[in-house]
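# Reading the structure
Here's the letter readout for the chains.
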Amino acid sequence: MSESTYPPVTEHLSDPETAREEGRRKMDWALQHMPILNELREEFVDERPLEGETIAMAMHVEAKTANLVELLADGGAEVAITGCNPLSTHDDVSAALNDHEAITSYAVRGVDDEGYYDAMHACLAHEPTITVDDGMDMVKLVHEEYPELIDSILGGAEETTTGVHRLRAMDDDGELHYPVFAVNDTPMKRLFDNVHGTGESSLATIAMTTNLSFAGKNVVVGGFGYCGKGVAKKASGQNANVIVCEVDPRKALEAHMEGYEVLPMREAAKKGDVFVTTTGNRDVITREHFEVMQDGVLLANAGHFDVEINLADLADLAVDRFEARDGVEGYEMPDGRVLNVLAEGRLVNLAAPIALGHPVEVMDQSFGVQAVVVRELAENADDYEAGVHDVPDDLDREVAEIKLAAEGVAHDSLSETQREYMGSWEHGT
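Residues numbered from 1 in each chain as written. Predicted model: local features only at pLDDT ≥ 70, side-chain atom pairs only at ≥ 80, totals over all residues. Heavy atoms only, no water.

## As for unusual backbone geometry
Note the following rule: Under the DSSP-based scheme used, a helix requires at least four consecutive residues in state H or I and a strand at least two consecutive residues in state E, with every element numbered from the N terminus. Whether a residue is buried, partly exposed or exposed follows from its accessible area with a 1.4 Å probe, protein chains only, as a fraction of its type maximum: under 20%, in between, or over 50%, in that order.
With a phi close to 55°, E127 is a non-glycine residue in the positive phi region. In this structure, E127 sits in the loop between α5 (113–124) and β4 (130–133). By relative accessible area, E127 is classed as partly exposed at 40%. Within the chain, A343 stands out as a residue other than glycine whose phi angle is a positive 55°. Here A343 shows up in the loop between β14 (338–342) and α14 (348–351). For A343, a relative accessible area of 4% gives the class buried.

Here is the structure:
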């Protein structure tokens, strides 16, 4: 495969040395609060389980992710990384990563579509044996344009809900030709990253970007999956009135039984002050909803791609667009109402100008899972056929045990008698 001509991040920056220093400072702060990655780092440095592997990554390149990337490199891998969202890269962190002798970072904030994919092509020019994705763009590109790599790729890992949805669709069509772990779907990711991480970081970013309170406002949550549950729970905790919109009757019923108001979006659109989409699907909020919204509403997306709020519809309706605040674009309607879109409709907790992503502690858990499944691929790839795979439960539990030990939390274990009882069908009344 020919070497890519797309340059690493340092060639895009005017002062890469200053950027490197600031990026390292951010990474060091995060690492202080990442006991799982610290524990795994000792193991990876000692045992070098990834020796000889080349890992291509498309992730949100910020301080927490960077500590995972360095862990993989310290475990023996050569790593090439780029962003999985044009606005979520921190250039200083990307520069700090690129300073590692085993890491090449092509991630640059604010690239256009051409630059976004040029960087991904550059990663694949390293001829990876493992892929690590957030959104599945890397896996898709391998299959569509680099099929010659598939035989030498051991497998991959996928971080987020949207990516796993896409992978399962690809697998159902018989088009996924190497094994990929659905990291998003394992308990140590879903129960913490999706619920607490998305809930806390999305609302914190909205509040900091706008300098507005949630108390007393109607917060409309599009989707009541794990991410939506987190946003609803945290908004309610900040004294908002939460309205949930759902297409699945069971999730709608669950939201109702949790005490939230449940409405179709066309009704919620009339009442909402703040809208947060969390579905992983497109066209959650469209023209019919914009037409009835109140003046001054905030529109934010916490799903992976910028398709949940239909900005084409909104732009078509608007008679004017203007920068209301840094990270907030106002769309003026013909009747004078202004609808405010945060972070260009992209992942608000990562793409807004002041966004920092999920809290460090929850990402430590998710990235701990990423690290152990990459280790699993390096050591036992032959055990997995092409397709989507659940994270082995013993690996998920390993990460939980490390976290509990770091927190000083003890827990019970099953006795042999209990274990035998739970594994038997012969015990009766």
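## Observations regarding the state of the cysteines
Definition in use: In this description, a disulfide is simply a cysteine sulfur pair whose atoms lie within 2.5 Å.
On inspection of all chains with the given rule, the structure shows zero disulfides. A disulfide-free cysteine, C84 has its sulfur positioned 12 Å from the sulfur of C123, the nearest such atom. A residue is classified by how much of its surface remains accessible, and C84, at 4% relative accessible area, is buried. Between C227, a free cysteine, and C84, which holds the nearest cysteine sulfur, the sulfur-to-sulfur gap is 14 Å. We classify C227 as buried; its relative accessible area is 14%.

## Re a negative patch on the surface
To keep things clear, this is the line we draw: To count toward a patch, a residue needs a relative accessible area over 30% and no salt bridge; like charges are then connected within 9 Å, while nonpolar side chains (Val, Leu, Ile, Met, Phe, Trp, Tyr) are connected within 5 Å. What sets the accessible areas is the Shrake-Rupley method with a 1.4 Å probe; for residues, cover comes only from the shown protein chains. Basic side-chain nitrogens of Lys or Arg form a salt bridge, by our definition, when they fall within 4 Å of a carboxyl oxygen of Asp or Glu. In this tally Asp and Glu are treated as negative and Lys and Arg as positive; neither His nor the chain ends contributes. In this description, the location of a charge corresponds to atom NZ of lysine, CZ of arginine, CG of aspartate or CD of glutamate.
Judged by side-chain charge, E39, E42, D46, E47 and E379 come together as a negatively charged surface patch. If you tally residues by element for the negative patch, the top one is helix α2 (residues 35–47), at four residues. Counting through the fold element by element, E379 comes out in helix α15 (residues 360–380). Judged by relative accessible area, E379 falls into the partly exposed class, the value being 46%.

## So, the sheet that holds strand β13 (residues 328–332)
Using the following cut-off: Strand pairing is assigned whenever DSSP detects at least two bridges linking the two strands. Here, two residues are considered to be in contact whenever any of their heavy atoms come within 4.5 Å of each other. Under this scheme, a helix contributes an axis fitted over its contacting stretch, all axes are lines through C-alpha atoms, and angles between N-to-C directions fall in the 0 to 180 degree range.
Spatial ordering of the open sheet is given by β9-β8-β7-β10-β11-β14-β13-β12, a layout of eight strands whose pairing is mixed. Each of the sheet's edge strands pairs with one partner strand only, and the pair in question is β9 (261–262) and β12 (320–325). Against the sheet, helix α9 (residues 226–237) touches β7 (218–222), β8 (241–245) and β10 (274–277), its axis set at about 170° to β7.

## A short note on the domain arrangement of the protein
What counts, and what does not: An automatic or database domain assignment provides the domain bounds reported here. Here the quantity called buried area is the total loss of accessible area, with a 1.4 Å probe, experienced by two parts when brought into contact, counted for both. Pairing of N or O atoms within 3.5 Å defines a polar contact, subject to two protein rules: one partner must be a possible hydrogen donor and the other a possible acceptor, and residues neighboring in sequence count only if both atoms are side-chain atoms.
If you check the domain split of the protein, you get domain 1 (9–189 + 359–407) and domain 2 (195–351). On the side of domain 2, 13 residues touch domain 1, which itself brings 16 residues to the contact. On the domain 1 side of the contact with domain 2, L87, T162 and P359 bury the most area, a combined 39% of that side's loss. On inspection of domain 1 and its partner domain 2, the count reaches zero salt bridges. The interface formed by domain 1 and domain 2 holds two residue pairs in polar contact (both at pLDDT 80 or more) in total.

## Things to note about the sheet that holds strand β1 (residues 54–59)
The strand order across the open sheet formed by seven strands is β3-β2-β1-β4-β5-β6-β15, and the pairing between neighbours is parallel. At either end of the open sheet lies a strand with only one pairing partner, and these are β3 (103–105) and β15 (387–389). For this sheet the average axis-to-axis angle between neighbouring strands, irrespective of direction, equals 20°. Two elements, strand β2 (residues 78–83) and β3, share three bridges in a ladder whose sense is parallel. Directly across from V79, in β3, lies its bridge partner I103. Against the sheet, helix α3 (residues 63–74) contacts β1, β2 and β3, and its axis sits at roughly 175° relative to β1. Where helix α6 (residues 137–145) meets the sheet, its contacts fall on β1 and β4, and the angle it forms with β4 comes to roughly 135°.

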